[in-house]
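Listed below are the residues making up each chain.
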Amino acid sequence: MSVLNSKIPAGPLADKWKNHKNSIRLVNPANKRSIDVIVVGTGLAGASAAASLAEMGYKVKAFCFQDSPRRAHSIAAQGGINAAKNYRNDGDSVHRLFYDTIKGGDYRSREANVHRLAEVSVNIIDQCVAQGVPFAREYGGLLDNRSFGGVQVSRTFYAKGQTGQQLLLGAYSALSRQVSAGQVKMYHRHEMLDVVMVDGKARGIIARNLVTGELERHSAHAVLLCTGGYGNVFFLSTNAMGSNVTATWKAHRKGAYFANPCFTQIHPTCIPVSGDYQSKLTLMSESLRNDGRIWVPQKQNDQRRPVDIPEEERDYYLERRYPAFGNLVPRDVASRAAKERCDAGYGVGQSKMAVYLDYASAIQRYGTLEANKMGESQPSVQRITELGTQVVASKYGNLFEMYAKITGDNPYETPMRIYPAVHYTMGGLWVDYNLMSNLPGLFVLGEANFSDHGANRLGASALMQGLADGYFVVPYTLGDYLADDIQTGNISTQHPAFDEAEGAVQEQISRIMNIKGSKSVDFFHKALGKIMWDKCGMARSEEGLKQAISEIQALRTEFYAQVRVPGSASEMNPELEKAIRVADFLELGELMCYDALNRNESCGGHFREEYQTEDGEALRDDTDFAYVAAWEYGQGNSPILHKEDLNFENVKPSTRSYK
Amino acid sequence: MSGKTKTGLIKSSIGKKVFMGLTGLFLCLFLAGHLAGNLQLLLPAEVARDQFNAYAKFMTTNPAVKLLSYLTYFSILFHAVDGLYLAWQNKQARPQAYYKKDDAANAGWASRNMAVLGTLLLVFIVIHMKSFWYEMHFGNVPVYASIEHGELKDLYTLTTTAFTEWWYVLIYVLSMGAVGFHLWHGFGSGFKSLGISHPVYTPLLNGFGKGFAVVVSVLFAILPVYLFLTSLN
Amino acid sequence: MRLNLKIWRQKGPKANGKMVDYTLNEVNPEMSFLEMMDVLNQQLVDEGDEPVAFDHDCREGICGMCSMFINGRAHGPMTGTTTCQLHMRHFNDGDTIVIEPWRASAFPVIKDLMVDRSAFDRVIQAGGYISVNTGSAPDANSLPIPKQNADMAFDAATCIGCGACVATCKNASAMLFVGAKVSQLSLLPQGQPEREERAIRMVEQMDKEGFGNCTNTGACEVECPKGISIENIARLNREYLRAKVVQK
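Source: prediction; values computed, not measured. Note that residues are indexed from 1 along each chain, following the sequence as it is written. A letter from A marks each chain and a number from 1 marks each ligand, given out in the order of writing. Since the coordinates come from a predicted model, pLDDT governs what is reported: local features require at least 70, and pairs of side-chain atoms require 80 or more to be given and counted, while whole-chain, interface and lining totals use all residues.

Before going further, it helps to spend a moment on the overall build of chain C. Every helix listed is a DSSP run of H or I at least four residues long, and every strand listed is a run of E at least two residues long, numbered separately from the N terminus. The number of helices and strands found in chain C is 8 helices and 7 strands. Seen through its C-alpha atoms, chain C measures out along the principal axes to roughly 65 × 35 × 35 Å. We call two residues in contact if the C-beta atoms placed from their backbones are at most 7 Å apart. Considering only contacts within chain C whose residues lie at least 6 apart along the sequence, 70% involve residues at least 24 apart.

Shown next as structure tokens:
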């Protein structure tokens with residue numbers, strides 16, 4: 001075990017980033033022209049980084065596996081993006097955003113990183129508005145805000161339920177501008193299958209052209225992985241079907257440390273699973289908890305229709321357990337509370353694995369307000385419902401529509417059924433303050449790194465982090481690293497390291513193609529997902545995790561004996577793409593279990609059944625586990641743990657209480 | 001964005017559409033005028049003959065009208081050539097047709113058949129101009145001396161005679177159907193192509209366009225039928 | 001329920017394709033259309049055949065990747081719905097469903113139901129952006145924008161770039177796609193400096209890609225899964241004309 005150097009600058013917290021920016025090295029414009037940078041992934045982090053670096057003069061090559069950079073799954077983020085603008089005058093500040101994020105993350109993130117994130121949050125909003133992102137506005141023409149889970153101020157900027165889409169299209173437009181300027185060469189339908197290390201530095205990648213199946217070598221002076229999270233290890237998640245861990249996992253196999261892999265976020269408000277054929281889960285924005293009330297019947301196995309259950313026979317369990325935050329407790333808390341009720345037999349719907357998210361009282365409340373505004377003195381119940389429905393539709397219309405499309409139910413009339421689902425992964429490749437992994441020249445941005453959210457991410461913070469990393473952090477810190485490379489010149493793709501990496505990729509593809517077994521890739525992915533969800537999901541135990549590890553090992557063996565990938569490797573072959581990704585998930589899943597097993601405490605999204613208080617709240621252990629668990633890839637299922645101690649100099653870790 | 005672009009308006013897809021709209025809407029004006037003139041045919045024969053022929057003389061000799069008529073010829077030709085070229089381009093844009101396409105699900109019949117309707121109208125215009133315009137200008141239309149207007153070419157008799165043939169009437173009636181459908185979509189579409197749209201006025205304009213299409217085509221169609229029926233007596 | 005499928009199969013970009021018949025016996029009405037396709041592909045893999053290649057990613061109606069022409073309509077029979085959000089409860093037992101790729105010369109088929117929509121990217125690269133470098137933006141609230149304009153810009157900006165407008169248009173025209181982007185940026189004060197240049201460049205690129213011409217049939221508006229208004233096409237015409245007139 002070694003000590004990891006996080007390279008956090010000295011000085012007072014609030015000055016660290018400023019001082020660091022002033023002291024790091026720069027690359028002059030003429031030299032930037034002779035430096036290549038590879039950016040893998042074109043979501044918020046990747047597109048913003050590629051665009052910003054290209055604007056500065058670097059020659060950028062950007063890669064995405066989708067048919068266009070605009071498809072990256074950042075696009076699906078609904079609710080909003082946080083920024084400490086304090087436009088509401090409600091007491092928000094950079095410090096408060098910093099504090100909320102540290103606390104929300106259950107004291108498992110780096111103070112310096114989180115503070116920097118809060119600082120640059122304000123620049124992000126400015127940047128996006130200048131790009132033409134149409135955020136919601138008030139009648140006066142100024143930006144509107146709403147509140148989100150885990151905080152008591154309104155600091156979330158939004159564009160209806162499509163904030164991620166608008167921000168991504170903003171970054172995509174900046175990227176497109178650089179493509180047309182010739183500063184970025186865009187490679188779409190390309191999947192990175194390995195990182196190439198030349199003399200100890202990340203100097204390129206091997207990518208597969210998904211249309212032709214050809215393997216390509218691309219060299220650069222630095223490689224940025226902006227490839228998102230690994231939630232699809234659970235098969236069912238709110239991630240896109242193509243979201244995968246392959247890029248970061250290949251880097252991990254080349255020596256990059258994987259930090260806190262067990263920190264996964266289970267989002268409380270998703271549409272429940274309806275059958276075996278289910279391919280993905282759909283999130284209902286957390287913003288719905290602003291106005292919706294969550295409940296289950298007080299009676300177990302209550303068969304009545306929800307509207308027939310009288311008020312006094314309902315259990316608004318979040319309001320009961322957490323009176324201060326009520327339905328707006330952080331995600332991890334809300335998810336566990338839903339699981340607790342369902343496990344105890346109070347669940348609703350056919351599967352009994354769902355709770356109600358009810359808008360009836362919000363409709364009544366808004367309807368009454370609206371009637372008052374319109375001067376209607378004695379409105380009928382019908383009139384109130386009509387007016388209230390209009391207000392709710394204007395706020396959440398697209399989400400309600402989506403719910404109706406998927407379930408066939410009308411959420412204006414009957415409560416929505418929701419259940420937690422895998423949504424985000426706080427863990428990721430370990431990076432230092434400069435967002436560089438322990439492999440020199442390999443930078444990791446956005447959800448792909450582990451850095452800012454600790455053990456639980458607050459709502460509307462993922463967009464903030466992705467854009468902060470890409471627009472405002474890496475453009476500075478990358479220069480510091482590249483300052484050594486101004487004389488290096490082109491990196492040749494004929495270097496033996498490229499031969500070796502390409503050979504290994506070729507070999508893996510051949511191996512998978514030649515198994516010609518009898519089971520589909522999805523069979524293995526689903527089996528892995530079930531193991532992960534049951535044993536490394538919302539609640540984990542030592543016994544379950546140990547079982548999971550041996551089950552995953554057996555599944556992996558079966559995969560390499562039984563998987564069937566039709567077609568050939570020299571053409572567009574979606575089954576092959578999936579197989580390569582699932583092969584990596586089968587290794588990652590095991591590491592997640594090791595990590596969860598190692599962390600003998602409950603914190604944030606990581607809940608170990610052995611470590612809970614009497615009333616079922618998470619029991620954190622700051623004495624023994626206030627560290628980042630960074631795992632080095634170990635041959636033969638023996639990952640090696642490295643620790644980075646977390647020092648809290650500005651906030652004192654306390655038990656999170658939302659009561 | 002840097003560097004200027006200097007493509008001519010007409011080379012662009014939008015430019016071509018703008019000219020379609022301009023010429024089309026101008027031809028709508030022309031139709032209104034033409035219709036007003038033709039309605040004189042509904043007058044009692046004894047009045048109509050002189051009045052209509054005098055009107056025809058005015059229309060063929062007045063310099064201002066002449067100018068307008070050149071503009072009309074140009075518009076018709078341009079509208080036809082441009083329209084056919086656009087239709088050809090549109091064909092190129094989808095070389096492989098769908099196995100199954102439910103066109104009626106999302107667009108009106110008229111809007112989907114503008115090129116066919118337009119081609120029919122072009123054929124009609126050729127027939128129509130041969131029968132009357134050509135005869136009037138270059139043919140041997142008998143000349144007679146009217147009391148009020150002096151010497152007049154007897155276009156009236158030419159016209160009324162022409163519509164004694166049932167098949168000729170039928171061609172006209174069907175063609176006016178094509179005019180109606182063409183205008184049903186074309187009127188509103190022309191304004192859109194010119195970039196004119198407004199949340200309140202556009203729906204009104206579209207409604208007017210549809211009314212215009214019906215009124216113009218029906219009134220035009222009534223004339224040959226009327227003349228045919230009167231010829232039976 | 002039991003379904004008969006007629007699906008376009010095409011091995012590669014240059015290969016000849018044809019419609020192939022398949023039968024699925026156990027389709028659950030709660031499935032999404034793409035989950036039904038997953039079941040078909042599972043069946044094909046089990047039988048040793050090659051699964052049907054189709055584009056899809058987020059499966060929640062926002063990434064714009066799914067792109068099937070179902071029973072003669074882009075994204076199938078429901079309006080305001082992408083293929084991934086279309087559910088089998090809208091079909092009946094015994095139905096025959098015809099599934100084809102988007103058809104347009106600007107969207108060449110890659111394989112089976114997959115098409116290449118990079119023409120859209122090139123149109124955006126031609127000018128679908130505001131030239132602002134990172135770090136040079138003024139405070140976000142320094143420039144108030146009338147809510148009405150902001151809302152209209154937002155409505156135009158919800159385009160997911162799926163290509164349904166092109167696929168359904170009888171002329172394979174991309175005017176709704178281009179109109180939406182030009183509208184969004186021309187409605188915002190930030191978009192003004194490049195307003196003319198943008199309209200001209202984007203239209204030029206659109207024409208270069210081989211999309212057809214708009215004949216205002218309105219089909220695009222009906223089939224757009226995000227309900228983007230054809231009003232944006234009129235605005236594009238206006239912006240383009242205006243640009244041609246004022247451009248120096």
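Next comes the rest of the account.
Okay, the overall build of chain B next. Per the secondary structure count, chain B includes 8 helices and 2 strands. Sequence-ordered secondary structure for chain B, helices as α and strands as β, is α-α-α-α-α-β-β-α-α-α. Partly exposed residues are those falling between the two cut-offs: more than 12 but fewer than 20 other C-beta atoms within 10 Å of their own, whereas 20 or more means buried and 12 or fewer means exposed, with C-beta atoms placed from the backbone. When burial is assessed residue by residue, chain B has 31% of its 233 residues classed as buried. Looking at chain B alone, contacts between residues at least 24 apart form 76% of all its contacts between residues at least 6 apart.

Here we take up the interface of chain C and chain B. Counting residues at the interface gives 44 residues for chain C and 37 residues for chain B. Among the secondary structure elements, those contributing two or more residues to the side of chain C that touches chain B are strand S5 (96–101), helix H6 (195–208), helix H7 (219–223) and helix H8 (231–246) of chain C. Ranked by residues supplied to the side of chain C that touches chain B, first place goes to H8(C) with 8 residues. Under this grouping Gly is polar, as are all residues other than the nonpolar Ala, Val, Leu, Ile, Met, Phe, Trp, Tyr, Cys and Pro and the charged Asp, Glu, Lys and Arg. When its residues are assigned to classes, the side of chain C that touches chain B shows 15 nonpolar, 15 polar and 14 charged.

With that settled, the discussion passes to the sheet that holds S5(C). In sheet architecture, strand pairing relies on hydrogen bonds along the backbone and comes in two forms, parallel and antiparallel. Residue and element names in this part refer to chain C. Strand pairing is assigned whenever DSSP identifies at least 2 bridges connecting the two strands. With respect to topology, 5 strands assemble into an open sheet ordered S2-S1-S5-S3-S4, the strand pairing being mixed. Every other strand in the sheet has two partners, leaving strand S2 (17–24) and strand S4 (73–74) as the edge strands with one partner each. Sheet topology places strand S3 (residues 68–70) next to S5; 3 bridges connect them, and they run antiparallel. Opposite Ile70, over in S5, you have Ile99 as the bridge partner.

All names here are of chain A. In this model, helix H9 (residues 331–343) (13 residues) spans 18 Å end to end at C-alpha, consistent with the 18 Å of a helix rising 1.5 Å per residue. Burial analysis of H9 places 11 of its 13 residues in the buried class, the great majority of the element. Considered for burial, the residues of H9 that qualify are Arg331, Asp332, Val333, Ala334, Ser335, Arg336, Ala337, Ala338, Lys339, Arg341 and Cys342. Contacts from the buried residues of H9 go to strand S11 (264–270), strand S12 (293–297), helix H8 (317–321), strand S14 (355–358) and strand S15 (416–425). Taken from the residues just after H9, Gly345 is the one with a positive phi, measuring 95°. In a helix, the anticipated span is given by 1.5 Å times the number of residues less one.

On to the domain arrangement of chain C, then. All names here are of chain C. For each domain, the first and last residues come from an automatic or database assignment. Segmentation of chain C into domains returns domain 1 (3–111) and domain 2 (117–246). The interface of domain 1 with domain 2 comprises 19 residues on the first partner and 18 residues on the second. Here the residues of the side of domain 1 that touches domain 2 are counted per class, giving 8 nonpolar, 9 polar and 2 charged.

In this section: the environment of A:Ala354. Residues and elements named next belong to chain A. Mapping Ala354 onto the fold places it in the loop between H9 and S14. Of the residues examined, Ala354 has 22 C-beta atoms within 10 Å and is grouped as buried. Linking Ala354 and Ile205, residues 149 residues apart in sequence, is a C-alpha distance of 44 Å. Those residues in contact with Ala354 that lie beyond four places of it in its chain are Pro272, Gly347, Val348, Gly349, Arg417, Ile418 and Tyr419.

Compared with an ideal rise of 1.5 Å per residue, which puts 25 residues at 36 Å, helix H16 (residues 574–598) of chain A spans 36 Å between its outermost C-alpha atoms and is within 8% of the ideal. Among the 25 residues in H16(A), 21 count as buried, and that is most of the element.

Let us now look at the arrangement of the chains. For this structure, the chain pair with the highest number of contacts among 2 pairs of chains in contact is chains A and C. The two units chain A and chain B remain apart, with a minimum C-alpha distance of 8 Å.

Glancing now at the sheet that holds strand S7 (residues 201–209) of chain A. Residues and elements named next belong to chain A. The 3 strands are arranged S6-S7-S8 in an open sheet whose pairing can be described as antiparallel. Of all the strands in the sheet, the pair left with one neighbour each is strand S6 (190–198) and strand S8 (215–219). Adjacent strand axes in the sheet meet at a mean angle of 25° when their direction is disregarded. Sheet analysis places S6 next to S7, joined by 8 bridges and oriented antiparallel. Its bridge partner lying in S7, Met197 is registered against Ala202. Axes here mean lines fitted to C-alpha atoms, for a helix over just the part in contact, with angles spanning 0 to 180 degrees between N-to-C directions. In the packing of helix H13 (residues 496–515) onto the sheet, the strands contacted are S6, S7 and S8, and the crossing angle to S6 comes to about 140°.

Residues and elements named next belong to chain C. We note that His75 has phi near 65°; this positive angle belongs to a residue other than glycine. Along the chain, His75 turns up in the loop between S4 and S5. The residue Ala172 is not glycine, and still its phi comes out positive at about 50°. Judged by the 26 C-beta atoms lying within 10 Å of it, Ala172 falls in the buried class.

What follows concerns the packing of helix H14 (residues 521–535) of chain A against H16(A). All names here are of chain A. Here H14 crosses H16 at 25°, and the two axes come no closer than 9 Å. The pairing of H14 with H16 is recorded here as roughly parallel in orientation. In this structure, H14 meets H16 at a crossing whose hand is left-handed. Taken together, the residues of H16 that come into contact with H14 (itself represented by Val521, Phe524, His525, Leu528 and Met532) are Glu575, Lys578, Ala579, Val582, Phe585, Leu586 and Gly589. Taken together, the residues of the contact of H14 with H16 break down into 8 nonpolar, 2 polar and 2 charged. The cut-offs work like this: below 35 degrees is roughly parallel, past 145 is roughly antiparallel, 65 to 115 is roughly perpendicular, and the gaps in between are oblique. Take the far helix as the reference: if the near one is turned anticlockwise from it by less than a right angle, the crossing is left-handed, and if turned clockwise, right-handed.

A separate point is the environment of A:Arg417. Residues and elements named next belong to chain A. Assignment of secondary structure puts Arg417 in strand S15. Under the C-beta neighbour-count criterion, Arg417 is labelled buried, with 23 such atoms within 10 Å. Distance in space between the C-alpha atoms of Arg417 and Cys270 is 8.4 Å, their sequence separation being 147 residues.

A few words on the interface of chain C and chain A. In this complex, chain C contributes 66 residues to the contact, which on the side of chain A involves 64 residues. Put simply, the parts of the chain that give the side of chain C that touches chain A at least two residues each are helix H1 (33–46), strand S6 (109–111), helix H2 (118–125), helix H3 (147–157) and helix H5 (175–186) of chain C. The leading source of residues in the side of chain C that touches chain A is H1(C), at 6 residues. Counted by class, the side of chain C that touches chain A contains 30 nonpolar, 21 polar and 15 charged residues.

Residues and elements named next belong to chain C. Running from amino to carboxyl end, H3 crosses H5 at an angle of 155°, the nearest separation of the two axes being 8 Å. It follows from the interaxial angle that H3 and H5 lie roughly antiparallel. Here the hand of the crossing between H3 and H5 comes out left-handed. Here Ala153, Ala156 and Ala157 of H3 come into contact with H5, specifically with Ala180, Ser183 and Gln184. Considered class by class, the residues forming the contact of H3 with H5 number 4 nonpolar, 2 polar and no charged.

If a strand is regular, its side chains alternate between the two faces of the sheet. Residues and elements named next belong to chain A. Summarising the sheet, S7 and S8 pair through 5 bridges and their orientation is antiparallel. Each bridged residue has a counterpart across the sheet, and for Arg208 the counterpart in S8 is Leu215. Hairpin connection from S7 to S8: 5 residues lie between these consecutive antiparallel strands, with Gly213 at a positive phi of about 85°.

Nonpolar side chains in soluble globular proteins generally cluster together in the buried interior. Each nonpolar core reported here comprises buried Ala, Val, Leu, Ile, Met, Phe, Trp, Tyr and Cys residues connected via C-beta atoms within 7 Å. Counting residues in each nonpolar core, the largest one holds 310 residues, and the members touching the most others are A:Ala50, A:Leu224, A:Leu225, A:Val355, A:Leu429, A:Leu442 and C:Val166. No other element matches H16(A), which puts 13 residues into this core. Look past the residues within four positions of C:Val166 in its chain and what remains in contact with it is C:Trp102, C:Ala104, C:Ala106, C:Phe107, C:Ala172, C:Ser173, C:Ala174, C:Phe177 and C:Phe211. Within the second largest apolar cluster, 25 residues are counted, among which are B:Phe163, B:Val169, B:Phe181 and B:Val216.

Summing up the model confidence of chain C, the mean pLDDT is 97 and the portion of residues at 70 or higher is 100%. What the predictor reports for the complex is a pTM of 0.96 with an ipTM of 0.98. The pLDDT value expresses, per residue, how confident the predictor is, ranging between 0 and 100.

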